[in-house]
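Chain by chain, the residues run as shown.
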Amino acid sequence: MALTYELIKECKQSGARLGKIHTARGVIETPIFMPVGTQATVKTMTPEELKDIKSQIILSNTYHLYLRPGHELVKKAGGLHRFMNWDKPILTDSGGFQVFSLGDLRKISEEGVEFRSHLDGSKHFISPEKAVEIQNALGSDIMMVFDECAPYPADREYVKNSLERTTRWAKRCKDAHKNIENQSLFGIIQGGMYGDLRKQSAEELLELDFPGYAVGGLSVGEPKPLMYEVLEYTTPFMPKNKPRYLMGVGSPDCLIEGVIRGIDMFDCVLPTRIARNGTAMTSHGKVVIKNAKHTEDFTGLDPECDCYTCKNYSKAYLRHLFKANEVLGLRLMSHHNLYFLLKLMEEIRQAIKEDRLLDYRKNFFVKYGYDV
Ligand SMILES: CC1(C)O[C@H]2[C@@H](O1)[C@@]1(COC(C)(C)O1)O[C@@H]2CNc1nc2cc3nc(N)[nH]c(=O)c3cc2[nH]1
Ligand SMILES: [Zn+2]
């Protein structure tokens, strides 16, 4: 079955919306946060634990899985869902961003991108057609077109040429993605920080009629207010009846601000990455567990969280695990951070239902310690 989006409700106070994405592997309630499982695993978490915290969909990466273990091997294993024992939806990023941010010595041409692997320096070439072939082998439910995420900052002429090539690549991806049942290909809007170029990219890609669209080229080091401004300008050009995905975001404030500006889907390595460094996102802001002040703090990580970690372990114990380099510390902190963001999205969905999203934002920001 082809992926469809059901618009349930538009928020009266903002651009936020409540929706459902219907896929062959189940329904995804939006707005949604997607835990990142770059190399076919959401680091330290089992699929059962991900289900326990109500993960509806996870993200994996074409670039990484192509380099290791190889998409042909994953295909032989029965596809990515079978390989990693995850039977819910998977979205794969196309490798465009990773090639530019991780690969080395990359050479870009109309044909595609030549780059050296960040693993062993071996030379590789990925074209739009190859990116589709890899994602088809992986069997992800949502595939992304092969695009160029323009660097930040970048001059207008570069961004314009880059977005026009990304549109040509998107067409090639669409042509290569024929008759692939149960795998939907999303377009990615580029245009850097230039409003008129964002409009041009959106209009060109809408002509290709993808079942969903992402906003790319953001969360690349630009100030948050600039990201919000570009979003504000871009989402109105995106179809109302299709999912809108903001790539690489993120932090609690950006998730709320993104939803308010009409975004339905988010992904970011942030919650799991900072967890492994010992930082927790809690209802009252960040907690850096290795801080000495937690040495004899026998209370839970977050008094308002009912996750497994917060119900069963103290800050003192978590601090001990991190000081002792115990793997359990990474697992418990990752569990909490993912639970925290997934619960935030659930509370945002509820606030949209009850037309109180802006009040929710204000209360959350005050408690978390953000500037209101
Ligand atoms: C690469 C890694 C680990 O993911 C984080 C983090 O580093 C980093 C690197 O620069 C900072 C901001 C410091 O954070 O930004 C990543 C999260 N931002 C992001 N992910 C994206 C993925 C994308 N994929 C595609 N196909 N196209 C895009 O335009 C695109 C844009 C994106 N923006
Ligand atoms: Zn918790």
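Just so we're clear, the structure is a prediction, and the values are computed from it rather than from any experiment.

Peer 1: Even after reading the chapter, I still don't get the packing of helix 10 (residues 252–260) against helix 15 (residues 357–368), so can you show me in this structure?
Peer 2: Two quantities define a packed helix pair, namely the angle between the helix axes and the distance between the axes. Where helix 10 meets helix 15, the closest approach of the two axes is 11 Å, and the angle between their N-to-C directions is 165°. By the angle between their directions, the pair helix 10 and helix 15 is classed as roughly antiparallel. Crossing of helix 10 against helix 15: the hand is left-handed. Counted together, P252, D253, I256, E257, V259 and I260 of helix 10 and L357, L358, Y360, R361, F364, F365 and Y368 of helix 15 form the full contact between these two elements.

Peer 1: Explain the packing of helix 7 (residues 156–176) against helix 8 (residues 195–206) here, please?
Peer 2: Relative orientation of the contacting elements helix 7 and helix 8 amounts to 10°, with a least axis distance of 10 Å. Judged on the interaxial angle alone, helix 8 and helix 7 are roughly parallel. Residues R156, V159, K160, L163, E164, T167 and A170 of helix 7 lie in contact with helix 8, whose contacting residues are D196, L197, Q200, S201, E204 and L205. Taken together, the residues that form the contact of helix 7 with helix 8 break down as five nonpolar, three polar and five charged.

Peer 1: What is the right way to look at the coordination of the zinc ion (ligand 2) in this model?
Peer 2: For a metal bound by four donors in a tetrahedral arrangement, the ideal donor-metal-donor angle is 109.5 degrees, while six donors in an octahedral arrangement ideally sit at 90 or 180 degrees. Coordination of the zinc ion (ligand 2) by the protein comes from C305 (SG), C307 (SG), C310 (SG) and H336 (ND1), over a distance range of 2.1 to 2.3 Å. Taken together, the four donor atoms coordinating the zinc ion (ligand 2) span angles of 100 to 117° at the metal, a pattern that classifies the geometry as tetrahedral. Between consecutive donors of the zinc ion (ligand 2), the numbers of intervening residues give the motif C-x1-C-x2-C-x25-H. On the criterion of sequence distance, the pair formed by C307 in the loop between strand 16 (285–288) and helix 12 (308–312) and H336 in helix 14 (residues 327–353) is long-range, its members being 29 residues apart.

Peer 1: I'm lost on helix 7 in this one. Help?
Peer 2: Since the α-helix packs 3.6 residues into each turn, any two residues three or four apart lie on the same face. When the terminal C-alpha atoms of helix 7 are compared, their 30 Å separation across 21 residues agrees well with the 30 Å that a helix rising 1.5 Å per residue should span. Along helix 7, the positions that sit buried rather than exposed are V159, S162, L163, R165, T166, T167, W169, A170, R172 and C173.

Peer 1: Which parts of the structure should I look at to understand the sheet that holds strand 1 (residues 4–10)?
Peer 2: Overall, antiparallel pairing links the three strands, which are arranged 1-2-3 in an open sheet. The sheet terminates laterally at strand 1 and strand 3 (26–30), the two strands that pair on one side only. When strand polarity is set aside, the average angle formed by the axes of neighbouring strands in this sheet is 15°. Both strand 1 and strand 2 (residues 17–23) contribute to a ladder of six bridges, which runs antiparallel. Following the sheet pairing, L7 is matched in strand 2 by G19. Running over the sheet, helix 14 touches strand 1, strand 2 and strand 3 and is turned about 120° from strand 2.

Peer 1: Got a minute to help me understand helix 15 in this structure?
Peer 2: For helix 15, which comprises 12 residues, the first-to-last C-alpha distance of 16 Å matches the rise-based estimate of 16 Å (1.5 Å per residue) to within 8%. Looking only at helix 15, the buried set comprises L357, Y360, R361, F364, F365 and Y368. For helix 15, the buried positions fall inside an angular range of 125° around the axis, keeping them on one side. If you follow the buried residues of helix 15, they end up packed against helix 10, strand 15 (279–282), strand 16 and helix 14. One or two residues past the end of helix 15 sits G369, with phi positive at roughly 95°.

Cut-offs applied
Residues numbered from 1 in each chain as written. Chains lettered and ligands numbered in written order. Predicted model: local features only at pLDDT ≥ 70, side-chain atom pairs only at ≥ 80, totals over all residues. Heavy atoms only, no water. Axes fitted to C-alpha atoms, helices over the stretch in contact; angles between N-to-C directions. Helix = DSSP H or I, 4+ residues; strand = E, 2+ residues; numbered from the N terminus. Parallel < 35°, antiparallel > 145°, perpendicular 65-115°, else oblique. Left-handed = near helix turned anticlockwise from the far one by under 90°. Contact = heavy atoms within 4.5 Å. Nonpolar A, V, L, I, M, F, W, Y, C, P; charged D, E, K, R; others polar. Donors = N, O, S within 2.8 Å, 3.2 Å for Na, K, Ca; no water. Tetrahedral: all angles 85-135°; square planar, octahedral: opposite > 155°, others 65-115°. Expected span 1.5 Å × (residues − 1). Buried < 20%, exposed > 50% of the residue type's maximum accessible area, 1.4 Å probe, protein only. Pairing = 2+ DSSP bridges. Arc of directions from axis to C-beta.

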